[in-house]
Structures are given as structure tokens and as C-alpha cells.
Amino acid sequence: MEKKEMLYEGKAKKVYATEDPDCVIVTYKDDATAFNGLKKGTIAGKGVINNKMSNMLMVMLEKKGIPTHLVEQIDDRNTIVKKVQIVPLETIVRNVAAGSFSKRYGVPEGLALKNPTVEFSYKSDALGDPFINTSCATALGIATLEEIDTITKLALAVDDALIAFFKELNIDLVDFKLEFGRYKGQIILADEISPDTCRLWEAGTWDTTKHTSLDKDRFRRDLGGVEDAYEEVFKRISGEE
Ligand code: UDP
């Protein structure tokens, strides 16, 4: 399958049409942004790692019965995926308090949550991805109640699978963001799962001031060692040295 015209360029990926109307090719870039695009940079090798890592995780999730957009990885940076209509809700799942959750509720980063939380942001760069609840999302026609119900169930199933997967690698899954799409009447997992979209902490480093981030927080918070952290996670997932 070959790339035809570029349909969309996002912050971290480009999307190309193909000869198959049901498929697109996603190209992962090394560009990194944070704080709604205010902070910009490059993380060398990130595109390759995120492409391969996201695909490996989607293969694992498919085996657990979670439908995903993955069709086939073409090479280090390019993957064929099903052409979905993205539901403009960023679905955030949390197991441990961190980031905006800690700020919002005044709790320390590293606080273990009594249950996983699922929350939504309305995907809109112009509005800065505002927090949204189910009745506002259905009222605005962003998604139906049935779709939100499916997304919530799938997000929690992804959480269960990812917690167990990362635990084996000595990594605690703190939180992550998912995006879902509509494909032939079904809701399927789309976008990516990578250190760009997950908070991954070295296991046993929950202490609120001392945890070791193996994710994009190293870029957001200028902690240094960004490339090394992405490589370390990828090494553990792939078993590659
Ligand atoms: N996240 C993301 N894209 C966004 C916002 C958040 O991938 O536009 C991920 C982020 O990496 C983290 C989780 O979602 O793993 C929760 O992020 P949070 O709401 O705490 O926002 P942040 O503190 O990153 O602004």
C-alpha cells in the first residue's frame, strides 16, 4: 500500500490517504509539543519508538478482545491503520494522581486512587481541550450515550491490560490518554499508546517527590534524559538491547 495525498498533519503524526478508502498511513514524527503547543521541541528517535511501541501494545490489546485501528506496520515510522472518524473526546484513565488531576483536586502526585478514573476532554486546540462530562458531550452531539458507554468500558479494559503488561516490565502505569474512532458502525481504539500519551513511572518510585518518570513529563518538566527514557521503555517492551 502506498502513500497518496496528505490528509492531515498533527503535532506528532502525519496521516496519508491510500488507494484503499478504508485505510490510511500514519507517519510518526520526532516533534514533541506540550501545554497545548506552547512548548515545542524534538525528541530524537521518538517517532520510531512510538510507532513500534503503539503497534505492539495494540497487538496485545487485540488479543484481549479490544478492537483497534491497527492493520499493519510498514516500517520504522509508518503504519497502515483503519480510517476512522475520531470521536473528539480525549479519554483519560488514571490509577495514580498526577498532573492536572493533582492540581485540580489539590492532592499530591503519587497518591494511589481507590478506583481507576475515566474522564473526558473535548478535543479542541482552539478551546484548550476543556474537561467535559457525558451530558454535555451528548447535548452537543459530540458522541451518543451508547458510544460514551462503550468508550468507558473499553478504556477500563485497556487499563486492566496495560497495568498488567507494564507491571511485568517493572513500570507503574500512572495515567494515560486514549482516542477512539468510529469505523463501520463500531467504536475502535485509535491514535497511539506511547510515552507521549502515558505516565509511566519506574516501579516502586511512587514517593511524590522522587518518582522516576519514563515518559513525556521528562520533556514537559525539563527533567533531562528524555531520549533515554523513551529508549528504556521501548527496550523493556521489545526485549531489544
Ligand atoms: N495526555 C495526552 N494528551 C493531552 C493531555 C494529556 O496524551 O493532550 C496524557 C498525559 O500524557 C497523561 C494523561 O493524559 O499521561 C493525563 O494528563 P493530565 O490530564 O494530567 O494533563 P497534563 O498534566 O499532562 O497536562
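Residues numbered from 1 in each chain as written. Predicted model: local features only at pLDDT ≥ 70, side-chain atom pairs only at ≥ 80, totals over all residues. Heavy atoms only, no water.

Asker: Which residues make up the site of the ligand, and what are the values?
Answerer: In the vicinity of the ligand lie 15 residues, with Arg 94, Ser 100, Asp 175, Arg 199 and Arg 220 positioned nearest. Coverage of the ligand by the protein amounts to 77% of the 510 Å² it exposes when considered alone. Taken together, the elements giving at least two residues each to the shell around the ligand come down to strand 9 (89-96), helix 2 (99-105), strand 12 (171-183) and strand 14 (198-202). (Near = heavy atom within 4 Å. Areas by Shrake-Rupley, 256 points an atom, 1.4 Å probe, with all protein chains shown as cover. Helix = DSSP H or I, 4+ residues; strand = E, 2+ residues; numbered from the N terminus.)

Asker: Could you give an account of the nonpolar core, naming the residues involved and the relevant values?
Answerer: The biggest cluster of nonpolar side chains holds 46 residues, and the ones touching the most others in it are Leu 89, Leu 162, Phe 166, Ile 193 and Leu 200. Broken down by secondary-structure element, the contributors of at least two residues to this core are strand 4 (31-34), helix 1 (46-63), strand 9, helix 4 (145-168), strand 12, strand 13 (186-190), strand 14 and helix 6 (226-238). The leading source of residues in this core is helix 4, at 8 residues. Discounting residues that sit within four places of it in the chain, Leu 89 has contacts with Phe 120, Ser 121, Lys 123, Ile 132, Ala 137, Ile 142, Ala 143, Ile 148 and Leu 178. The next biggest cluster of nonpolar side chains, apart from the first, holds 5 residues, and it includes Val 15, Val 24, Val 26 and Tyr 28. (Core = buried A, V, L, I, M, F, W, Y, C linked by side-chain atoms within 4.5 Å. Buried < 20%, exposed > 50% of the residue type's maximum accessible area, 1.4 Å probe, protein only. Contact = heavy atoms within 4.5 Å.)

Asker: Go over the pattern of salt bridges with me, naming the residues and quoting the values.
Answerer: Going through the model one piece at a time under the given rule, you end up with 27 salt bridges. A salt bridge links Lys 184 to Asp 22, with the shortest nitrogen-to-oxygen separation between them at 3.0 Å. Of this pair, Lys 184 sits in the loop between strand 12 and strand 13 while Asp 22 is found in the loop between strand 2 (13-17) and strand 3 (23-28), placing the two residues 162 residues apart along the sequence. We classify Lys 184 as exposed; its relative accessible area is 62%. With its nearest N and O atoms 3.7 Å apart, the salt bridge here joins Asp 217 to Arg 221. A residue is classified by how much of its surface remains accessible, and Arg 221, at 33% relative accessible area, is partly exposed. Residues participating in the shared-partner salt-bridge network are Arg 94, Arg 104, Glu 109, Glu 119, Asp 175, Arg 199, Asp 217, Arg 220 and Arg 221. (Salt bridge = Lys/Arg side-chain N within 4 Å of Asp/Glu carboxyl O.)

Asker: Residue-level account of the environment of Val 96, with values.
Answerer: Note on placement: Val 96 falls in strand 9. Given a relative accessible area of 1%, Val 96 falls into the buried group. Sequence separation between Val 96 and Ala 112 is 16 residues, and the spatial gap between their C-alpha atoms is 4.5 Å. Excluding residues that lie within four positions of it along the chain, Val 96 makes contacts with Gly 110, Leu 111, Leu 113, Val 174, Trp 201 and Trp 206.

That's the geometry; what it means functionally is another story.
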